Amino acid sequence: MLLPRAMLDEDLHEVHAIEKAANRFPWSLKNFTDSLDSGHYAWVYCDSFDVVIGYAIIQLVMDEAHLLNLCVSPEMQGKGYGRRILEHVIDYSKTRSANLIVLEVRRSNQRAQNLYLQMGFNEMSIRRGYYPAEQGREDAILMGLDLSMLSLFNEL
Ligand SMILES: CC(C)(COP(=O)(O)OP(=O)(O)OC[C@H]1O[C@@H](n2cnc3c(N)ncnc32)[C@H](O)[C@@H]1OP(=O)(O)O)[C@@H](O)C(=O)NCCC(=O)NCCS
């Protein structure tokens, strides 16, 4: 079971613990509070005991949704939750009339890239040295999902 609900301030310690466990360069707690304060759309996805399995945060500007964070708790990865969270984000973005979802992903993060490619995202460009890395900086791949094309295909 995977139940989405709005991310609350009270969730942030649990969310940040997952963020630190799942990422080499995690968001700080302040990144999360700033994100909520800025009015970004943020969800936690919980089991039936309200334990957080994963979370997602998007920023909506006009008809474009920017996926800022997507994460599944390390012990729950590889069980299909990432895909279901992304499906929820895509469905929500459609209800808000977004035409495009964009995101940055580390060049080395093959697992996430596989997920995005499977869900129909395409590589749009490279942002050189976008992320901090153990040695120097790492490129981001900018990926996008064209929702207007998607609805066109669904109508065929
Ligand atoms: C990326 C992430 C969200 C994927 O979530 P997940 O629950 O593990 O993924 P799922 O089980 O739903 O798998 C979906 C697809 O992801 C890819 N994937 C999952 N595990 C993988 C692995 N070990 N190696 C390569 N690809 C993998 C596959 O394409 C998979 O589809 P398949 O099962 O049909 O092969 C999760 O690994 C995560 O939170 N990672 C740390 C944070 C992160 O990197 N976030 C993305 C930032 S851009």
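For the structure itself, look to the data block above.
These remarks concern the structure in this document. Predicted model, so just to flag it, every value in this text is computed and none were measured.

Taken as a whole and assessed by the stated rule, the structure comprises 6 aromatic pairs. With a centroid separation of 5.8 Å and 80° between ring planes, the pair formed by F32 and Y55 is classed as edge-to-face. Of the two residues, F32 is situated in helix α2 (residues 29–37) and Y55 in strand β3 (residues 52–61); the sequence distance between them amounts to 23 residues. For the pair F32 and Y55, one class covers both residues: buried. An angle of 70° between the planes, with centres 4.9 Å apart, marks the rings of W43 and Y92 as edge-to-face. Taken together, the residues W43 in strand β2 (residues 41–46) and Y92 in helix α3 (residues 81–95) connect sequence positions 49 residues apart. Classification of W43 as buried rests on a relative accessible area of 10%.

The next subject is the site of the ligand. The local shell around the ligand holds 21 residues, among which L70, V72, G80, G82 and N109 are the closest. Within the backbone of V72, a nitrogen or oxygen atom sits 2.7 Å from an oxygen atom of the ligand. Note that a nitrogen atom of the ligand is positioned 2.9 Å from one of the side-chain N or O atoms of R111. Examining the composition of the shell around the ligand, we find that 6 residues originate from one element, helix α4 (residues 110–118), more than from any other.

Spatial ordering of the open sheet is given by β1-β2-β3-β4-β5-β7-β6, a layout of 7 strands whose pairing is mixed. Looking at strand neighbours, the two that pair on one side only are β1 (3–6) and β6 (122–132), the edges of this open sheet. Put simply, the sheet's adjacent strands are angled 25° from each other on average, direction ignored. Bridge count between β1 and β2: 4 bridges; the pairing is antiparallel. When the bridges of β2 are listed, P4 appears paired with Y45.

Reading the values: the criteria
- Throughout this document, residue positions are counted from 1 along each chain, in the order its sequence is written.
- At least 70 in pLDDT is required for a residue's local features to be given in this predicted model, at least 80 for side-chain atom pairs to be given and counted, and no such filter applies to totals for whole chains, interfaces and linings, which use all residues.
- As a rule here, side-chain values come from all non-hydrogen atoms in the structure, and water together with hydrogens is ignored.
- Stacked, edge-to-face and tilted are the three classes for Phe, Tyr and Trp ring pairs, Trp counted by its six-membered ring, which pair at centre distances within 6.5 Å; planes under 30 degrees apart are stacked, over 60 edge-to-face, the rest tilted.
- Only DSSP runs of H or I covering at least 4 residues are called helices, and only runs of E covering at least 2 are called strands; the numbering of each starts at the N terminus.
- Burial classification: accessible surface area is computed with a 1.4 Å probe over protein chains only, and a residue below 20% of its type maximum counts as buried, one above 50% as exposed, and the rest as partly exposed.
- Distances are taken per atom, and a residue is near a molecule or strand as soon as one of its heavy atoms is within 4 Å of it.
- For the purposes of these results, a polar contact is taken to be a pair of N or O atoms within 3.5 Å, where, inside protein, one atom must be able to donate a hydrogen and its partner to accept one; residues adjacent in sequence count only when each atom of the pair is a side-chain atom.
- Strands are treated as partners if at least two bridges between them are detected by DSSP.
- Angles run from 0 to 180 degrees between N-to-C directions of axes, and those axes are lines fitted to C-alpha atoms, restricted for helices to the stretch in contact.

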